Amino acid sequence: MAQRFDVTFWGVRGSIACPGADTMRYGGNTACLEIRCGERLVILDGGTGMRLLGLALDHGGKVDADLLFTHTHFDHICGLPFFSTVYDPKNRFRLWAGHLLPDHTLRYVLSEMMMAPLFPIPITVFGAEMEFHDFHAGETLQLGDRIVARTAPLNHPNGATGYRIEYAGKSICYVTDTEHVPGKPDANVLGLIRDADLVIYDSTYTDAQFAKHVGWGHSTWEEGARLCDAAHARQLVIFHHDPAHDDEFMDGIRAAAEKARPGTIVAHEGLTLTP
Ligand SMILES: [Zn+2]
Ligand SMILES: [Zn+2]
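Residues numbered from 1 in each chain as written. Chains lettered and ligands numbered in written order. Predicted model: local features only at pLDDT ≥ 70, side-chain atom pairs only at ≥ 80, totals over all residues. Heavy atoms only, no water.

1. Regarding the pattern of salt bridges
Heads up, the rule is: Each reported salt bridge corresponds to a side-chain nitrogen of Lys or Arg within 4 Å of a carboxyl oxygen of Asp or Glu. Helix and strand assignments come from DSSP, with helices taken as H or I runs of at least 4 residues and strands as E runs of at least 2, each series counted from the N terminus.
Throughout the structure, instances matching the rule amount to 18 salt bridges. Between Glu131 and Arg92 there is a salt bridge, with its nearest N and O atoms 3.5 Å apart. Of the two residues, Glu131 is situated in strand β6 (residues 129-134) and Arg92 in strand β5 (residues 92-97); the sequence distance between them amounts to 39 residues. Beyond isolated ion pairs, a larger network of salt bridges with shared partners links Arg40, Asp64, Asp66, Arg92, Arg94, Glu129, Glu131 and Asp145.

As structure tokens, this is what we get:
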């Protein structure tokens with residue numbers, strides 16, 4: 001148990017939730033990941049998938065977790081008020097963001113999301129103990145119990161933070177949302193994912209679709225494969241699927257990615273991976 005290290009996907013979509021008959025197999029919820037490091041829990045992002053994580057956690061005992069946000073675009077935070085676990089006074093959370101200083105703080109931005117007339121109840125109704133931490137992307141976070149979160153700034157409108165969680169000699173990288181410049185691999189991303197075991201990467205588009213979306217802040221699975229090759233990372237995980245990509249389209253990406261970089265995985269809701 002002390003050495004357990006794995007990641008479970010509760011939401012794999014980008015931009016907006018897209019439940020429906022055509023997205024049932026890969027899932028329609030937006031970004032939320034659960035990482036288990038021994039007895040410790042680290043949560044990455046609070047998209048709509050977070051509601052399901054809450055239902056699962058409420059079956060267990062007291063929850064004490066770190067919640068790391070890549071950034072505060074709506075698809076990554078809108079699940080927080082529907083995360084039942086934050087209403088229980090016996091639970092404790094440390095919330096982290098690396099893209100807001102010096103103009104904003106995480107507490108301020110999350111409070112704004114839940115402010116009238118946008119939302120019926122204010123953030124002060126959360127019963128759990130909530131600690132808010134702002135840092136500068138690039139800093140390394142020591143989360144305790146030998147859990148290290150290295151970070152790097154990503155190329156995204158309003159900023160975003162990439163994470164590399166290290167535990168028990170293994171590493172899981174979470175690199176979303178970020179846009180690449182064709183032919184110019186992002187040095188910050190390369191540094192973060194160097195020799196990593198698992199790289200979860202913003203694969204909103206395909207290379208063929210990318211030209212029409214320059215400036216939108218996202219990348220492609222092909223760029224993810226090129227970055228993993230260049231950084232000698234082991235396994236690529238395709239993530240932050242475009243809501244327009246139905247199950248059939250995602251099957252096509254899975255087949256193409258398996259050919260291009262054998263062992264590549266397309267994330268789907270409910271998937272658990274061990275690095
Ligand atoms: Zn997003
Ligand atoms: Zn975003």
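2. Overview of the coordination of the zinc ion (ligand 2)
Filter applied, for reference: Sodium, potassium and calcium take a 3.2 Å donor cutoff, other metals 2.8 Å, and in both cases only N, O and S atoms count; water is not among them, so sites may look incomplete. Square planar and octahedral assignments, for four and six donors respectively, both demand that opposite donors be over 155 degrees apart and that all other angles lie between 65 and 115; tetrahedral needs four donors with all angles between 85 and 135 degrees, and anything else is irregular. Only protein chains enter the area calculation, which uses a 1.4 Å probe; residues under 20% of their type maximum are buried, those over 50% are exposed, and those in between are partly exposed.
Here the zinc ion (ligand 2) is held by His71 (NE2), His73 (ND1), His156 (NE2) and Asp177 (OD), and the distances to it run 2.1 to 2.8 Å. Coordination geometry of the zinc ion (ligand 2): the four donor atoms subtend angles of 88 to 173 degrees at the metal centre, consistent with an arrangement described as irregular. Each donor residue of the zinc ion (ligand 2) belongs to the same chain, with the gaps between them written as H-x1-H-x82-H-x20-D. Distance-wise, the zinc ion (ligand 1) is placed 3.7 Å from the zinc ion (ligand 2), both being coordinated by Asp177. Here His156 is found in the loop between β8 (147-153) and β9 (161-167), whereas its partner Asp177 is found in the loop between β10 (170-175) and α3 (187-193), with 21 residues between them in sequence. With relative accessibility at 2%, the residue Asp177 sits in the buried group.

3. Here we look at the pairing of β10
As a reminder, the rule being used: DSSP bridges decide pairing: two strands pair if at least two such bridges lie between them. When the strands point away from the viewer and the path from the first strand over the helix to the second turns clockwise, the crossover is right-handed.
Of all six residues in β10, five are buried; the element is thus mostly enclosed. Both β9 and β10 contribute to a ladder of five bridges, which runs antiparallel. In the sheet register, Tyr163 faces β10, and the bridge partner there is Tyr174. Crossover handedness for the path β10 to α3 to strand β11 (residues 198-202): right-handed.

4. Notes on the sheet that holds strand β3 (residues 40-44)
Hydrogen bonding along the main chain pairs the strands of a sheet, whether they run parallel or antiparallel. Strands sit in the order β6-β5-β4-β3-β2-β1-β14 across an open sheet of seven strands; the sheet is mixed. Two strands close off the open sheet at either side, each with one partner strand: β6 and β14 (272-273). Summarising the sheet, strand β1 (residues 5-11) and β14 pair through two bridges and their orientation is antiparallel. Each bridged residue has a counterpart across the sheet, and for Thr8 the counterpart in β14 is Thr272.

5. Digging into the coordination of the zinc ion (ligand 1)
Around the zinc ion (ligand 1), the donor atoms from the protein are Asp75 (OD), His76 (NE2), Asp177 (OD) and His240 (NE2), and they sit 2.1 to 2.2 Å away. The site at the zinc ion (ligand 1) holds four donor atoms, and with the angles between them running 85 to 163 degrees, its shape is irregular. Read in sequence order, the donor residues coordinating the zinc ion (ligand 1) give the pattern D-H-x100-D-x62-H. Overall, the relative accessible area of 8% leaves Asp75 in the buried class. For His76, a relative accessible area of 0% puts it in the buried group.

6. So, helix α5 (residues 221-230)
Applied cut-off: In what follows, a contact means two residues having at least one pair of non-hydrogen atoms within 4.5 Å.
Burial analysis of α5 places seven of its 10 residues in the buried class, the great majority of the element. Looking only at α5, the buried set comprises Trp221, Glu222, Glu223, Gly224, Ala225, Leu227 and Cys228. Buried residues along α5 sit against α3, β11, α4 (207-210), β12 (235-239) and α6 (247-260).

Nothing here speaks to function; it is all geometry.
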